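Summary of structural features
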Amino acid sequence: RLGARHALAAPQDADLRRLADTLAAFAELAARYGLGVDLEPTPWYEVSTLDATSRVIDATGRDDIGIVVDAIHLDRAGDSAASIATQPARRFRYLQLCDAPAERPADLATLLLQARCERLMPGDGGLDLAGIVAALPPGIPISLEIPMHERARTVDTPSRARQMLAKTRALLARIPPTGTGDPSPS
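Counting restarts for each chain, with residues numbered from 1 along the sequence as it is written. The predicted origin of the model limits local features to residues at a pLDDT of at least 70 and limits the giving and counting of side-chain atom pairs to 80 or more, whereas totals for whole chains, interfaces and linings rest on all residues. As a convention, hydrogens and water are excluded, and side-chain values are obtained from all of the structure's heavy atoms.

Some details on the overall build of the protein chain
Threshold: Numbering of helices and strands starts at the N terminus; helices are DSSP runs of H or I of at least 4 residues and strands are runs of E of at least 2. Just to be clear, the radius of gyration here is over C-alpha atoms, and the globule rule we use is 2.2 Å times residues to the power 0.38. Think of it in three bands: with a 1.4 Å probe and only protein chains considered, a residue is buried below 20% of the maximum accessible area for its type, exposed above 50%, and partly exposed in between. Throughout, a residue-residue contact means that at least one pair of heavy atoms, one from each residue, lies within 4.5 Å. Accessibility throughout is a Shrake-Rupley quantity obtained with a 1.4 Å probe, and a residue counts as covered only by protein chains that appear here. A positive count includes Lys and Arg, and a negative count includes Asp and Glu. His and the chain ends are not counted in either. Where a charge lies is defined by one atom per residue type, namely NZ (Lys), CZ (Arg), CG (Asp) and CD (Glu).
Scanning the protein chain from terminus to terminus reveals eight helices and five strands. Moving toward the C terminus, one meets the helices and strands of the protein chain in the order β-α-β-α-β-α-α-β-α-α-β-α-α. Relative to the 2.2 N^0.38 estimate, which gives 16 Å for 186 residues, the radius of gyration of the protein chain is 16 Å and therefore close to what a compact globule would have. Taken along the three principal axes of its C-alpha coordinates, the protein chain extends 45 × 35 × 35 Å. Burial analysis of the protein chain (186 residues in total) assigns 46% to the buried set. When contacts within the protein chain are restricted to residue pairs at least 6 apart in sequence, long-range pairs at least 24 apart make up 82% of them. Only carbon and sulfur atoms are counted for the fraction: they give 54% of the accessible area of the protein chain, which is about 9,400 Å². Positive and negative side-chain charges in the protein chain, numbering 21 and 24 respectively, have mean positions lying 5 Å apart.

Considerations on the environment of Asp124
Structurally, Asp124 can be placed in the loop between helix 5 (108-116) and helix 6 (129-135). Accessibility expressed as a relative area gives 36% for Asp124, which makes it partly exposed. Contacts of Asp124, omitting those with residues within four sequence positions, involve Asp99, Arg151 and Lys167.

Re empty space enclosed by the protein
Rolled over the atoms, a probe sized like a water molecule indicates the empty space that remains. To be explicit about the condition: Of the grid points, spaced at 1 Å and generated over the protein atoms alone, those admitting a 1.4 Å probe that cannot get out make up cavities, while open sets with protein on both sides within 12 Å along at least five of seven lines make up pockets; any residue with an atom within 4 Å of a point is treated as lining. Grid points are joined across faces, edges and corners, and a volume is the space filled by probe spheres set on the points. Polar here means any residue other than Ala, Val, Leu, Ile, Met, Phe, Trp, Tyr, Cys and Pro, which are nonpolar, and Asp, Glu, Lys and Arg, which are charged; Gly is therefore polar.
For the structure on display, the rule yields one cavity of 30 Å³ or more. Considered as a void within the structure, the largest cavity measures approximately 60 Å³ in volume. Looking at the lining of the largest cavity, the elements with two or more residues in it are strand 3 (65-70) and helix 3 (71-76). Among the elements that line the lining of the largest cavity, the one with the most residues is strand 3, at three residues. Of the residues belonging to the lining of the largest cavity, the class tally is five nonpolar, three polar and three charged.

If you want it as structure tokens, here you go:
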């Protein structure tokens, strides 16, 4: 009813065979509603990299499960724009865009704080956002996932949203047309 096309799945199961089976069952159910399922690699779970995510998807035996790239998770897991090129392009269905300091956290507490509470707007950090966007297939949707608890205390929601949109458009305008090709984030 909402027009959704994607259902995000998080790999929070250490038993990778069980995870693949659960993911396959979820994808079967989601398909009945016209939804594609996308697995999000997350650096503090067992399935943290693009390679590990692809192995789980391959284990499902399904070809209708994709990968969602979250810029901060991609970087913090040690992947990069070059890592995207090692995967089948058809697997990438959308991007969650944000920025973060270039230096990776040295401890789990800081990693979680940055990822869950204190992300940066595109262009305000040191992630290779232009490289990530350019490496992804043209035309995939872009969503903004930028929790900013501290900034939310001093800047109202409409103002933050306008800043995020302006910074995202500025980033996308700098990327050659081989990237997403759609400068309007969804």
